Amino acid sequence: MKKMPLSLFLIFAAALHLYAELTLPTLFTDHMVLQREQAVPVWGKADPGSTVTVEFAGQKKTAVADADGKWRVDLDSLKASAQPQRLQVSSPDFNMSVSDVLVGDVWLCSGQSNMQLSMKNEESGPAAIADADNPLIRLYRTPTRFSGTPTEKINAAWSACNPQTLPGFSAVAYNFGKKLNEELDVPIGLWQSGWGGTHIEPWTPPCGFEGFDSLADIREQVRNFPAGFGTNPKKARQEKQYPSAIYNAMLHANIPFAIKGAIWYQGEGNHRDGMLYVDKTAAQLKGWRSLWGYDFPYYFVQIAPYRYEDEDPSVLAEFWEAQSEIVKQIPNTGMAVINDAATLDNIHPPNKVVPGTRLALLALANTYGKDIVSTGPTFRAMNILNRAIEIVFDSAEGLTTRDGRAPDWFEIAGEDGIWKPADAAIKGIRVILSSPEVEKPVAMRFAWHKLATPNLING
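Residues numbered from 1 in each chain as written. Predicted model: local features only at pLDDT ≥ 70, side-chain atom pairs only at ≥ 80, totals over all residues. Heavy atoms only, no water.

With six of seven residues buried, strand β16 (residues 388-394) lies mostly within the body of the structure. Pairing of strand β15 (residues 378-385) with β16, which is carried by seven bridges, proceeds in the antiparallel orientation. Residue pairing for β16: L385 is matched across the bridge by A388. Hairpin connection of β15 to β16: two residues between the antiparallel strands, including N386 at a positive phi of 60°. (Buried < 20%, exposed > 50% of the residue type's maximum accessible area, 1.4 Å probe, protein only. Helix = DSSP H or I, 4+ residues; strand = E, 2+ residues; numbered from the N terminus. Pairing = 2+ DSSP bridges.)

Structure (structure tokens):
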């Protein structure tokens, strides 16, 4: 075999060395969006001990790579800009350039199949895709993977939103970002990281499970990944549900990329958890927020009514109650209700404009301070009125029903605990409940059935 000349070998080896010794996470690619109005971490790998310089928008920051080659700088707060700019990163031996960089708001868009469902499969998708040439919306789609250990690279890249790049992207995320872009007039970066059929546990980093007695068994699983994990393709369907396995492969490498907040559409895989889902969500958010270093907003979709076969109708209702409890217990969260946009025989409602838009309304009201109505009527108080029960609502201006009929899916019970359908009447921001079968009502419940599609709305 003919040997390579030593000079060529050294040049080849040096080129490999240089390329390998200055890297960025793949969220730092052409067409990216950097987060406005907060510190922006930029990090990567370089030759240990080398000085790395990052330049952007008139700022120049330097860092020295540690013994493991890791380095990080934090850019100062940036103003929103739709003008494409260049991010320069350099070390003594190598230069990197990221072009067409905008500054605006970046949102992580995560969950299972209803978040992953693409625009090409959304009921209004074809028309929306044809009209989707919007360079101020940028898309980043994470490949689906799982791992028993944290991985250091995610093979993805940003793209500008257009009819060629949008079809395979999350429909919920796009409709969310489109509404924000229209209302805020700033660039929007949508970071999709979703995978159909997944539970919440694999999305949660190991540190999230600490401190929850109810999740002690999960904590032990994370500490003891089974031998040979991820090496048998026949076990992939089962192993992707292992706690922290998807976080390891689909989030870890890109944290702490600066984000404005997160949206989440998941729960079908956990809908039998009942109130335990509150602790699981608290663990997920504790982990995410601690790794990012700030309590960013988190808005999620209440899963839709669905005809789960051979399952007690109250199981899904108990899960909805748990999802509602998340908002009460965990600060800076909000829930979008979509029971009026359900398809009872399809666990993937094809209308993704409704959840995407309602998530955006929550963000516009609570994160951006817009004076808008962002939810339907929400429970405030219950009062016993002799033979009736009075329910007082918030977000109830113009309280009515969407079909012009009396409010439905209300039930009341007396001291015997037997539930009866309630006659309901709207009085201002109140609904009065009664039943000839319940002489002295003491309790009420609403939409307590897996097929409930109640008609109560505000103006």
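Summarising the element assignment, T142 is placed in the loop between β9 (134-141) and β10 (158-161). At 2.8 Å, the side chain of T142 forms a polar contact with the backbone oxygen of Q192. Apart from the residues lying within four places of it in its own chain, the contact partners of T142 are I154, W191, Q192, S193 and M250. (Polar contact = N/O pair within 3.5 Å; in protein donor to acceptor, adjacent residues only side chain to side chain. Contact = heavy atoms within 4.5 Å.)

Turning next to the pairing of strand β8 (residues 94-111). In this structure, strand β2 (residues 33-35) lies alongside β8, joined through three bridges in parallel fashion. Bridged to Q35 within β8 is G104. One ladder, built from seven bridges, connects strand β7 (residues 81-91) with β8; its direction is antiparallel. Across the sheet, Q88 pairs through a bridge with S97, a residue of β8.

Judged by nonpolar contacts, the single largest core of 112 residues is most densely connected at L34, W71, L180 and F257. With eight residues, the top contributor of residues to this core is β8. Leave out the neighbours within four places in its chain, and L180 touches W107, D185, I188, A360, A363, L364 and Y368. Core analysis: the next-biggest nonpolar cluster, separate from the first, contains 14 residues, I391, F410, A422 and A424 among them. (Core = buried A, V, L, I, M, F, W, Y, C linked by side-chain atoms within 4.5 Å.)

Residues at a pLDDT of 70 or more form 96% of the protein chain, whose mean pLDDT is 95. When mean pLDDT is compared element by element in the protein chain, strand β12 (residues 261-265) scores highest at 99, while helix α1 (residues 6-20) scores lowest at 46. Predicted confidence is poor over residues 6-20, with pLDDT under 50, and the contacts of this stretch with residues over four places away or in other chains come to five contacts. (pLDDT = per-residue confidence, 0-100.)

Okay, the state of the cysteines next. Cysteine pairs can be covalently joined through their sulfur atoms, and such a bond is termed a disulfide. For the structure shown, the criterion picks out zero disulfides. Cysteine C109 shares no disulfide, and the gap to the nearest cysteine sulfur, in C161, comes to 12 Å. A residue is classified by how much of its surface remains accessible, and C109, at 0% relative accessible area, is buried. (Disulfide = S-S within 2.5 Å.)

In this structure, P256 follows I255 across a cis peptide bond, with omega equal to 20°. Positive phi outside glycine occurs at H31, with the angle close to 75°. Mapped onto the fold, H31 is located in the loop between β1 (22-23) and β2. Even without being a glycine, D310 presents a positive backbone phi close to 50°. The class for D310 is exposed, based on a relative accessible area of 82%.

Let us look at the sheet that holds β16. Paired through backbone hydrogen bonds, the strands of a sheet run either parallel or antiparallel to each other. With respect to topology, four strands assemble into an open sheet ordered β15-β16-β21-β20, the strand pairing being antiparallel. Either end of the sheet is taken by a strand with one partner, and the two such strands are β15 and β20 (423-427). Adjacent strand axes in the sheet meet at a mean angle of 25° when their direction is disregarded. (Axes fitted to C-alpha atoms, helices over the stretch in contact; angles between N-to-C directions.)

Turning our eyes to something else, we now look at the packing of aromatic side chains. Any aromatic ring pair is given by two values, namely how distant the centres are and how the planes are angled relative to each other. Under the counting rule described, the total for this entry stands at 22 aromatic pairs. Between F225 and Y242, the ring centres sit 4.6 Å apart and the planes meet at 45°, which makes this aromatic pair tilted. Of this pair, F225 sits in the loop between α5 (216-223) and α6 (236-239) while Y242 sits in the loop between α6 and α7 (245-250), placing them 17 residues apart in sequence. Residue class for F225 comes out partly exposed when judged on its relative accessible area of 22%. On the basis of relative accessible area, Y242 is assigned to the buried category, the value being 14%. Consider the rings of W288 and W292, whose centres lie 6.5 Å apart with planes at 70°: the pair is edge-to-face. Here W288 and its partner W292 are both found in helix α8 (residues 276-292), four residues apart, which amounts to about one turn of the helix. For the pair formed by W288 and W292, the shared burial category is buried. Among the aromatic residues, ring-to-ring pairing joins F28, W43, W191, W203, F257, W264, W288, W292, Y294, F296, Y298 and F300 into one connected group. The positively charged end of R289 is found above the aromatic ring belonging to F296, 5.9 Å away from the centroid. (Phe/Tyr/Trp six-rings, centres within 6.5 Å; stacked < 30°, edge-to-face > 60°. Lys NZ or Arg CZ within 6 Å of the ring centre and 35° of its normal.)

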